[in-house]
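Architecture at a glance
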Amino acid sequence: MVQEIDLSIKPEFVQNYKDGYPLISKKSILNWDKLKEEGTILNLLDDKGKFVLKAYHGVQNKGYGWALTTDKDTRINQDFFSTKIKSALEYRKDFDANKDTTAWRVFNGEGDGVGGLCIDYFDGYYMLTWYSLGIYEFKSEILEALKNNVAYKGIYQKKRFDSKGKYLDDEDDFVCGERAPQPLIIKESGSNFAIYLDDGAMVGVFLDQREVREAIRENYAKGKTVLNTFSYTGAFSVFAALGGSTKTTSVDLAKRSYSKTKEQFLVNNIDVLKQDIVVEDIFNYFKFAIKKKYLFDLVILDPPSFARSKKHTFSASKDYVNLLKEAIKVTSKGGTLVASTNSANFNMMTFSDFIAKAFKESNTRYKVKERFSLPKDFRVCKHFKEGDYLKVVFIEKIR
Ligand code: SAH
């Protein structure tokens, strides 16, 4: 039984919610202590007791819940989720027709009207990601709504929450239908990826970088030496190799990245022996490469927004300038740096300032060639700018 409760918005926050801001904060609510369970439906009222919006309570690192509708008579049930999923599918119709890409995001949280829920498609299989216990309380309604709207081979899920807001790794992620092969080979812009739907927190590829990978393969890799830092499963290296790079070097601290990267090369018929895969802290690797006077024509930087290694703590907002300065040293004149970040803590303008600062302090001139943000399937809510997190800048190092 879904619980419902009326809560009052503090006067100074009413307009913000009326304007469409979807994330519910604790500090904006007057009588928050009345609330107990995640998954409760909140009817938020203004200071005169007039209905403003319906939301649900779910705890994420971002906030305490998400707006669902401004219509007070709408019931939050299977039909509600079905309508949302239908319009999400409609919005991405052109992806169905494209046989060269068989994986994309089907439902992107607040961008599709339900914060805390994402659904990805991998060649016949669907992956639901639950970002809070609150949204997980609606699992059966959402699952039925999805099943009624799509043809599927199988459905998987990932729970990205626990008492500490971390990922639960010990569970079987399979939900229903048939199990996917391990690996499942999906296509992206005509190239292959080996995907594991039931293998820890991540499946092996970040779909939001699709357009960046394609740009690297089509326009930046031919005849170039490539350094791919924070390489994970080597997705950028694979696309560079397919685009005709002379050699790729992939560097990641995680041991599993070696076999994972090798596998991605193999499923694309790339000669692994011609590529370097280095398991090392990137900041050590930079030291080594600078000492050896290595230079690369294309250097890709795609760090996590926050990471802790044995020797370093890296935070994109604090350390991106330094990361760029190291990378500039190992980039050849006329070469290209790809600076990427998924940090929601700063916007493209600040990121551009980081780039300007790094080049200035390196006494080096540069030119921005191209910029990328999230692709169409990672739909963003226009009232929630933080959701538009991806920033990628292609930069030419002039001298
Ligand atoms: N660029 C990748 C995704 C990067 S995910 C892609 O396109 O798929 C972030 C990766 O950074 C993780 O694999 C993590 O192991 C790695 N990492 C974190 N800190 C690191 C460090 N100090 N040196 C090298 N790799 C690091």
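Here's what I pulled together on the structure shown here. Note that residues are indexed from 1 along each chain, following the sequence as it is written. In keeping with the model being predicted, local features are shown solely for residues with a pLDDT of at least 70 and side-chain atom pairs are shown and tallied solely at 80 or more, while totals for entire chains, interfaces and linings include all residues. Side-chain metrics rest on all non-hydrogen atoms present in the structure, leaving aside hydrogens and water.

Every helix listed is a DSSP run of H or I at least four residues long, and every strand listed is a run of E at least two residues long, numbered separately from the N terminus. Helix and strand counts for the chain stand at 11 helices and 21 strands. For 399 residues, the compact-globule estimate of 2.2 N^0.38 gives 21 Å, and the C-alpha radius of gyration of the chain, at 23 Å, lies within 12% of that figure. For the chain, the spread of C-alpha atoms along the principal axes amounts to about 70 × 50 × 40 Å. Taken across its 399 residues, the chain has 53% of its residues classed as buried. Throughout, a residue-residue contact means that at least one pair of heavy atoms, one from each residue, lies within 4.5 Å. Excluding contacts between residues fewer than 6 apart, the proportion of contacts in the chain whose partners are at least 24 apart in sequence is 61%. Averaging the coordinates of the 63 positive side-chain charges in the chain and doing the same for the 54 negative ones gives two points 7 Å apart. All radius of gyration figures rest on C-alpha atoms, and the globule criterion is 2.2 Å times the number of residues raised to 0.38. Throughout, exposure labels follow a simple rule: accessible area from a 1.4 Å probe, protein chains only, divided by the maximum for the residue type, with under 20% read as buried, over 50% as exposed, and the rest as partly exposed. Charge counting follows a simple rule: Lys and Arg are positive, Asp and Glu are negative, and His as well as the terminal groups are ignored. The atoms used to mark charge sites are NZ of Lys, CZ of Arg, CG of Asp and CD of Glu.

What follows deals with a positive patch on the surface. Distance thresholds for patches are 9 Å for like charges and 5 Å for nonpolar side chains (Val, Leu, Ile, Met, Phe, Trp, Tyr), applied to residues having over 30% relative accessible area and no salt bridge. Accessible surface is estimated by sampling points in the Shrake-Rupley manner with a 1.4 Å probe; for residues, cover comes only from the protein chains shown. The rule for a salt bridge is simple: a side-chain nitrogen of Lys or Arg has to be within 4 Å of a carboxyl oxygen of Asp or Glu. Taken together, the side chains of Lys-255, Lys-287, Lys-310 and Lys-311 present a region of like positive charge at the surface. Within the element layout of this structure, Lys-311 appears in the loop between strand S17 (306-308) and strand S18 (313-315).

A word on the state of the cysteines. Disulfides are defined in this document as cysteine sulfur pairs within 2.5 Å. If you walk through the whole model with that rule in mind, you get zero disulfides. Cys-176 takes part in no disulfide bond, and the closest cysteine sulfur to it belongs to Cys-118, at a distance of 19 Å.

Right, let's get into the site of the ligand. Residues in contact with the ligand amount to 15 residues; listed here are only the nearest, Phe-230, Asp-252, Leu-253, Ile-282 and Asp-302. The contact in question runs from an oxygen atom of the ligand to an N or O atom on the side chain of Asp-252, over 2.6 Å. Any pair of nitrogen or oxygen atoms within 3.5 Å is treated as a polar contact; in protein, a donor-acceptor pairing is required on top of that, and neighbouring residues in sequence qualify only through side-chain atoms on both sides. Contact between the ligand and Asp-302: a nitrogen atom at 2.7 Å from a side-chain N or O atom of the residue. For the ligand, the protein covers 90% of the area, taking 580 Å² as the surface of the free molecule. Polar here means any residue outside two lists: the nonpolar Ala, Val, Leu, Ile, Met, Phe, Trp, Tyr, Cys and Pro, and the charged Asp, Glu, Lys and Arg; Gly therefore counts as polar. Here the shell around the ligand is built from residues that sort into nine nonpolar, one polar and five charged. Near, as used in this document, describes a residue that has one of its heavy atoms within 4 Å of the molecule or strand being considered.

What follows concerns the sheet that holds strand S14 (residues 247-252). In space, the seven strands of this open sheet follow the order S15-S14-S13-S16-S19-S21-S20, with mixed pairing throughout. The outermost strands of the open sheet, each flanked by one partner alone, are strand S15 (276-279) and strand S20 (366-372). On average, each strand axis in the sheet is tilted by 15° relative to the strand beside it, whichever way the strands run. Here a strand pair is declared whenever DSSP counts at least two bridges between the two strands. Pairing of strand S13 (residues 225-229) with S14 involves five bridges; the strand directions are parallel. Here an angle of 0 to 180 degrees is reported between the N-to-C directions of two axes, which are lines fitted to C-alpha atoms, with helices fitted over the stretch in contact.

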